[in-house]
Amino acid sequence: MTEFEPVLLRRVGKPDSQSLAGYRADGGYRALAKALGDLTPAQVTELVKDSGLRGRGGAGFPCGVKWTFLPKDHPGPIYLCVNADESEPGTFNNRILMEEDPHQVLEGILLACYATRASVAYVYVRYEYGRSFRVMQQAVDELYANNLLGRNILGKDFHAEVYLHRGAGAYICGEETGLIESLEGKRAWPRIKPPFPAVEGAFRKPTVVNNVETLACVTHIVDRGPDWFKSVGVPPDPKNPRDAGSYGPKLYCLSGHVNRPGCVELPLGVSVRELVEEHGGGVWKGRRAKGCIPGGLSMGFLTEQEFDTPLDFNGPGKAGCLGLGTAAVIVFDETTSIVDVLYNTCRFFAHESCGQCTPCREGTGWMMKITDRIRRGRGRLEDLHILDEIGRSIGIMPGTTICGLADGAGWPVKNAISKFRAEFEEFIRSGRKSPELELVGAH
Amino acid sequence: MSVLTEELRQKIVAYLAHYPRKQAVTLPALHVVQDALRCVPLEAVREIADLLDLSPAEVQDTMTFYGFFRDEQAPLGRTRLWVCRSLPCMLRGGEELLGRLGEKLGVRPGGTTADGKITLEFAECIGACEGAPCVLVNDEHVMNVTLDRVDQLVDSLRA
């Protein structure tokens, strides 16, 4: 294994990692000066497109391509929404970026504003990230005080404002049109698409929504060039003409039953096994893993036998998961009951379904009730069939909901039942009960 | 009688410059009020609506969607203590932590201690999974809150 030198996390933990002076001393805002001095907005977009950068928030859509969906010659305003509503269970990489190296993110935001001609960027920060909010606000204030935000940035004909906007504890605000609705002051009900935000987004104007880590990557793509970015990660599968590749470094979050939980930066494509063994210090208490969530709760499950799956944009899908998601790996050991894991998962989605679409609102609620019944020792074998059927019938893919929350709620259920069926059946037949959860109601 | 002081009004009005539409100030305004009053009374909803040229029903609609804001029937205590119960924390004792904190404080999730100091709530993933089990004290993470650290945490919040 060759040692990978971190790029996105290179300044984390260093003294002065949050200040403008510290960032500049490490070459910060060099990429912005280069873009404003030597490149047109279209050229910056082209660089990002050439790099193959795919969105880090979960969907993996090519970032530069997304930017080109904006209407040409629009009179404006155009908005950039930065998705810092990171709420996918197991995911905390954007929190670390914002808390530890806010200017790296802000430089990416400014580059994106320049490339897309956005005049205002709203950074939607989940309420739970109080420290991120304060560190980012301080960094924004520093930028205004140093002519790096506002009018005529760096003396050029480039103007941009950045405002931080705090959420209020709703997972659905991470869905890009839910985020926009929430920003506008409404309940965060995702919109039917089309129109996509690029055409009609925040305040009915063209809008780009990008994830924090994606924008941090933009900083380095402009600074080091797309060839550097493409030298890291996994090229497209030549046998799959639709594969856009999995280029660049990725922040992997590792949590659950490992000896050293944490966030580690590696080239896209590391296997779960290498991540757990080499970077997480192995499974805790000398035990074996039973399985894991490969990329945030909504991606489904991998069994221990599937741990050689590469965590690039294709790997988890080939193993039956929904996708790479946020690349947040949650490991559970061999002593953990899959019944408890699935109940916890279903409870999360029942709590976070926004209630707009009936199949999701009712489906997530019933999946929680049925898994609760199973864990209380009153399950029936046909419950597994019902759960599977609900899991298959809710979501964008079957065409029954407006957004992907329901796909993410159904996927772990489908995966758990197909991959751990024997354990569910044995549990139901035995009539055992999971330990009582005192005090904790369903909602 | 007005619930919002002049200071709170000015804090809310200052947000208007950030957005092209007044309605976008709804969430910032609700935060300003709840931070100061520990709840958003119905009268404050009316006054926010007035400041933003909205119907009070529109503010109420947004406010109640989030399940985050309290009305005057159930104001927050001085500290809101959120205990994460999502999978990464559950795997490392989050449910037991919530149970123990409930016992220690003598309240169920959602409740506030009799002295008005601590409101206990469960949370879905709060994004500090490397330090599971974790909690939020208002909006600051406290990580690795194992059962042996419960007394220390509660004492610090009661002080």
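Parameters and conventions
Residues numbered from 1 in each chain as written. Chains lettered and ligands numbered in written order. Predicted model: local features only at pLDDT ≥ 70, side-chain atom pairs only at ≥ 80, totals over all residues. Pairing = 2+ DSSP bridges. Helix = DSSP H or I, 4+ residues; strand = E, 2+ residues; numbered from the N terminus. Axes fitted to C-alpha atoms, helices over the stretch in contact; angles between N-to-C directions. Domains from an automatic or database assignment. Contact = placed C-beta atoms within 7 Å. Nonpolar A, V, L, I, M, F, W, Y, C, P; charged D, E, K, R; others polar. Buried ≥ 20, exposed ≤ 12 C-beta atoms within 10 Å, placed from the backbone. Parallel < 35°, antiparallel > 145°, perpendicular 65-115°, else oblique. Left-handed = near helix turned anticlockwise from the far one by under 90°. Arc of directions from axis to C-beta.

### As for the sheet that holds strand β1 (residues 79-84) of chain B
All names here are of chain B. Taken together, 4 strands build an open sheet; the order of strands is β2-β1-β3-β4 and the sheet is mixed. With one partner strand each, in any of the chains shown, β2 (118-123) and β4 (140-142) form the two edges of the open sheet. Across the sheet, the mean angle separating the axes of adjacent strands is 25° when strand polarity is ignored. As paired elements, β1 and strand β3 (residues 135-137) share 3 bridges and run antiparallel to each other. Opposite Leu-81, over in β3, you have Val-137 as the bridge partner.

### Observations regarding the domain arrangement of chain A
All names here are of chain A. Split by domain assignment, chain A resolves into domain 1 (20-231), domain 2 (246-333) and domain 3 (338-430). When each unit is reduced to the centre of its C-alpha atoms, the spacing between domain 1 and domain 3 is 34 Å. With 9 residues of domain 1 at the interface, the matching set in domain 3 holds 7 residues. Among the residues making up the side of domain 1 that touches domain 3, the classes are represented as 7 nonpolar, 1 polar and 1 charged.

### Notes on the interface of chain A and chain B
By a widespread convention, an interface's size corresponds to the accessible area lost as its parts come together. With 47 residues of chain A at the interface, the matching set in chain B holds 41 residues. Examining the composition of the side of chain A that touches chain B, we find that 6 residues originate from one element, helix α13 (residues 338-352) of chain A, more than from any other.

### Some words on the environment of B:Arg158
Residues and elements named next belong to chain B. Mapped onto the elements of the fold, Arg-158 is located in helix α7 (residues 150-158). Given 13 C-beta atoms within a 10 Å radius, Arg-158 is considered partly exposed. For the pair Arg-158 and Thr-62, spaced 96 residues apart in the sequence, the C-alpha separation amounts to 33 Å.

### Some details on the environment of A:Glu5
Here A:Glu5 shows up in the segment before α1 (20-25). Counting along the chain gives 135 residues from A:Glu5 to A:Val140, while the straight-line C-alpha distance between them is 28 Å.

### Description of the domain arrangement of chain B
The domains assigned to chain B are domain 1 (6-65) and domain 2 (79-158). Of note, the centres of domain 1 of chain B and domain 2 of chain B, computed from C-alpha atoms alone, are 29 Å apart.

### What to know about the sheet that holds strand β8 (residues 262-267) of chain A
Residues and elements named next belong to chain A. Sheet architecture is open: 5 strands sit in the order β8-β7-β11-β9-β10, paired in mixed fashion. Strand pairing shows two members of the sheet lacking a second neighbour, β8 and β10 (302-303), which therefore form its edges. Pairing analysis gives 6 bridges linking strand β7 (residues 249-256) to β8, with the strands arranged antiparallel. By the bridge assignment, Leu-254 is partnered in β8 with Gly-262.

### Let's talk about the packing of helix α6 (residues 102-116) of chain A against helix α9 (residues 212-224) of chain A
Axes are the key here: two packed helices are described by the angle between their axes and the distance separating the axes. Residue and element names in this part refer to chain A. The contact between α6 and α9 brings their axes to 7 Å, and the two run at 75°. When the axes of α6 and α9 are compared, the pair comes out roughly perpendicular. Facing Gln-104, Val-105, Glu-107, Gly-108, Ile-109, Leu-111 and Ala-112 of α6, the residues of α9 in contact are Val-212, Leu-215, Ala-216, Val-218, Thr-219 and Val-222. Of the residues in the contact of α6 with α9, the class split is 9 nonpolar, 3 polar and 1 charged.

### Remarks on the pairing of strand β4 (residues 207-211) of chain A
Residues and elements named next belong to chain A. For β4, a buried count of 5 out of 5 residues is recorded, marking the element as mostly surrounded by other parts of the structure. Of the two faces of β4, both are covered, the one formed by Thr-207, Val-209 and Asn-211 as well as the one formed by Val-208 and Asn-210. Taken together, the 5 bridges between strand β1 (residues 79-84) and β4 define a ladder with parallel strand orientation. Counterpart to Leu-80 in the pairing with β4 is Val-208.

### Some remarks on the packing of helix α1 (residues 6-14) of chain B against helix α2 (residues 26-37) of chain B
Residues and elements named next belong to chain B. α2 packs onto α1 with a crossing angle of 150° between their chain directions and a minimal axis gap of 9 Å. Comparing the axis directions of α1 and α2 gives the class roughly antiparallel. Once α1 is placed against α2, the crossing between them reads as right-handed. Packed against α1, whose contacting residues are Leu-8, Lys-11 and Ile-12, the element α2 presents Ala-29, Val-32, Val-33 and Ala-36 at the interface. Residue composition of the contact of α1 with α2, by class: 6 nonpolar, no polar and 1 charged.

### What to know about unusual backbone geometry
Residue and element names in this part refer to chain A. In this model, Gly-76 is joined to Pro-77 through a cis peptide bond whose omega is -5°. For Pro-77, the location among the structural elements is in the loop between α4 (63-68) and β1. The backbone of Asn-147 sits at a positive phi, close to 60°, despite the residue not being glycine. Its location among the elements puts Asn-147 in the loop between α7 (130-145) and β3 (161-166). Overall, the presence of 12 C-beta atoms within 10 Å leaves Asn-147 in the exposed class.

### Concerning helix α2 (residues 30-38) of chain A
All names here are of chain A. Looking only at α2, the buried set comprises Ala-31, Leu-32 and Ala-35. Angularly, the buried residues of α2 cover 100° about the axis, an arc narrow enough to put them on a single face. What points out from α2, more than 90 degrees from its buried face, is the exposed set Gly-37 and Asp-38. Each element contacted by the buried residues of α2 is listed here: α3 (41-51), α6 and α9.

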